[in-house]
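Working through the structure, step by step
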Amino acid sequence: MPLIIGGQVVQTPTSDDLPAYVPAPRERIESDLRRPQAVYVDPIGREWPLTEPALGWATIDQVGGLGAVEVEMTTDAHPRGGARVRHIQPQARVINWPLLVFGQTHTEFIERWRALVRAFTMTRRLGPGRLRVSRPDGSSREILVTYQGGLNGEAGQGFTHDTAVVSLYCEDPYWRATEQLVTRYSFATLRPFLRPFPSLSSGRVLGEVEIVNPGEAEAWPTWTIIGPATGLVATNYTTGQSFTLSYSLAAGQTITVTTDPPTVRGPSGEVLTWALNWPGAVLWGLEPGLNDVNFSVPGAGPGSAVDLAYVPRYETA
């Protein structure tokens, strides 16, 4: 899905045109703020706004690759004609982001160009960065990106301006919320209501719960089990999947279970993957919408809790 980001199409400048690329009049800036805004966050956390020409670079023309996830289908021929879909596999996506980089002098231009090149290419060494798109309604979504190519420079340019179509490879093709959702399910001692006076347990009580995934794709949660406990049995009745973890925790000790990639870490960071009930264990995800889930924590007592954290994922930016 192409996305028009800027307030106008930016034409390739000549050295005589560069004064026209100073910050726009106030009314133009206010108009642009009602349009989508984009920021690239490099692997060390620095933010690089891509839709603010006052910084010396601007998004031009149209951005490509922000739409629905592409899939590959495995099919079997149907004896009566046509085919049946046996498997659907989401494919990695590539986002193409056209940029114009410019400066009043060659020194100013080349400093900006080199800074952007470093910001994108460091993903090859330090892991992916993040591309974040914010809408005028205040909502934002982001995606993990690795620089693939495009910052080569155009023939006949490179003195006070240059253009590039930055190609960003996304291993996970789904966009995600910029903040994770975290819920704590805690142990509570049940006692008769109104005896000796009304009381409610703080937080959610371990047991059967409903978890709503507001995203459009499966979300992969991270679990933190807080002792005392001798294990965890986690079942998602919506998908029919479950796993059992058998390991004793003293009060205050924790185990962290991640589902993507599947990992279990103990109180000192030791690997505890062996403590799962293989081969039947499935470190399940949360389907879009309502999930009926049950937590059973053997050996639970005061202070026992399970923290469930996940990031909703979406088809489009």
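For the structure, see preceding data.
First things first, this report covers the structure right here in the doc. Only a predicted model underlies this, so the values are computations on that prediction, with no experimental measurement involved.

**Overview of the overall build of the protein chain**
- Summing up its helical and strand segments, the protein chain has three helices and 21 strands in all.
- Looking at the 317 residues of the protein chain, the share that counts as buried comes to 39%.
- Taking as baseline every contact in the protein chain between residues at least 6 positions apart, the subset at least 24 positions apart corresponds to 71%.

**A few points about unusual backbone geometry**
- For the peptide bond that leads from Gly227 to Pro228, omega is 15°, which places it in the cis range.
- For Pro228, the position within the fold is in the loop between strand S14 (222-226) and strand S15 (229-236).
- Put simply, Trp278 and Pro279 share a cis peptide bond, and its omega is 5°.
- Tracing the backbone through its elements, the reader meets Pro279 in the loop between strand S18 (262-265) and strand S19 (289-296).

**Things to note about the pattern of salt bridges**
- Scanning the model with the defined rule gives nine salt bridges in all.
- With a closest N to O distance of 2.8 Å, Asp76 and Arg86 form a salt bridge. Of this pair, Asp76 sits in strand S4 (residues 71-77) while Arg86 sits in strand S5 (residues 83-90); the two residues are ten residues apart in sequence, bridging distant segments of the chain.
- Judged by relative accessible area, which is 34%, Asp76 ranks as partly exposed.
- Given a relative accessible area of 55%, Arg86 falls into the exposed group.
- A salt bridge links Arg112 to Glu108; its shortest N-O distance comes to 3.4 Å. Taken together, the residues span about one helical turn, with Arg112 and Glu108 both in helix H2 (residues 106-121) at a distance of four residues.
- Its relative accessible area of 26% is what places Glu108 among the partly exposed residues.

**Considering H2**
- The end-to-end C-alpha distance of H2, which contains 16 residues, comes to 22 Å, matching closely the 22 Å that a straight helix rising 1.5 Å per residue would cover.
- Within H2 the residues assigned to the buried category are Phe109, Ile110, Arg112, Trp113, Ala115, Leu116, Ala119 and Phe120.

**Focus on the sheet that holds S15**
- The strand order across the open sheet built from four strands is S13-S19-S15-S16, with neighbouring strands paired in antiparallel fashion. Lying at the two open borders of the sheet, with one neighbouring strand each, are strand S13 (208-213) and strand S16 (241-249). The sheet shows a mean angle of 25° between the axes of neighbouring strands, taken without regard to direction.
- Direction of pairing for S15 relative to S16: antiparallel, over a ladder of seven bridges. Across the sheet, the residue bridging to Val233 is Thr244, located in S16.

**A word on the packing of aromatic side chains**
- If you walk through the whole model with that rule in mind, you get nine aromatic pairs.
- For the pair Trp223 and Trp284, a centre-to-centre distance of 5.0 Å together with 90° between the ring planes defines the contact as edge-to-face. Of the two residues, Trp223 is situated in strand S14 and Trp284 in the loop between S18 and S19; the sequence distance between them amounts to 61 residues. When sorted by exposure, Trp223 lands in the same class as Trp284, which is buried.

**As for the pairing of strand S1 (residues 37-41)**
- A large share of S1 lies buried, amounting to five of its five residues.
- Of the two faces of S1, the one holding Gln37, Val39 and Val41 and the one holding Ala38 and Tyr40 are both buried throughout.
- Note that S1 and strand S7 (residues 129-134) share five bridges and pair antiparallel. Note that in S7 the partner of Val39 across the bridge is Arg132.

**Observations concerning the nonpolar core**
- In terms of nonpolar packing, the biggest core is built from 30 residues, with Leu50, Ile95, Trp97, Phe120, Leu131 and Trp175 touching the most fellow members.
- Taken together, the elements giving at least two residues each to this core come down to S1, strand S6 (93-102), H2, S7, strand S8 (140-149) and strand S9 (161-170).
- By residue number, the principal contributor to this core is H2, which donates seven residues.
- Those residues in contact with Ile95 that sit more than four places away from it in its chain are Val63, Gly64, Gly65, Leu66, Leu131, Ile143, Val166, Ser167, Leu168, Cys170 and Trp175.
- In terms of nonpolar packing, the next biggest core, distinct from the first, is built from 28 residues, Ala229, Phe243, Leu249 and Ile255 among them.

**Details of a nonpolar patch on the surface**
- The grouping of Val71, Met73, Val85 and Ile88 at the surface amounts to a nonpolar patch, some 350 Å² of accessible area in total.
- Taken together, the elements giving at least two residues each to the nonpolar patch come down to S4 and S5.
- By secondary structure assignment, the location of Ile88 is in strand S5.
- Its relative accessible area of 43% is what places Ile88 among the partly exposed residues.

Quick notes on the rules
- Residues numbered from 1 in each chain as written.
- Predicted model: local features only at pLDDT ≥ 70, side-chain atom pairs only at ≥ 80, totals over all residues.
- Heavy atoms only, no water.
- Helix = DSSP H or I, 4+ residues; strand = E, 2+ residues; numbered from the N terminus.
- Buried < 20%, exposed > 50% of the residue type's maximum accessible area, 1.4 Å probe, protein only.
- Contact = heavy atoms within 4.5 Å.
- Salt bridge = Lys/Arg side-chain N within 4 Å of Asp/Glu carboxyl O.
- Expected span 1.5 Å × (residues − 1).
- Pairing = 2+ DSSP bridges.
- Axes fitted to C-alpha atoms, helices over the stretch in contact; angles between N-to-C directions.
- Phe/Tyr/Trp six-rings, centres within 6.5 Å; stacked < 30°, edge-to-face > 60°.
- Core = buried A, V, L, I, M, F, W, Y, C linked by side-chain atoms within 4.5 Å.
- Patch = residues over 30% accessible without salt bridge, like charges linked within 9 Å, V, L, I, M, F, W, Y side chains within 5 Å.
- Areas by Shrake-Rupley, 256 points an atom, 1.4 Å probe, with all protein chains shown as cover.

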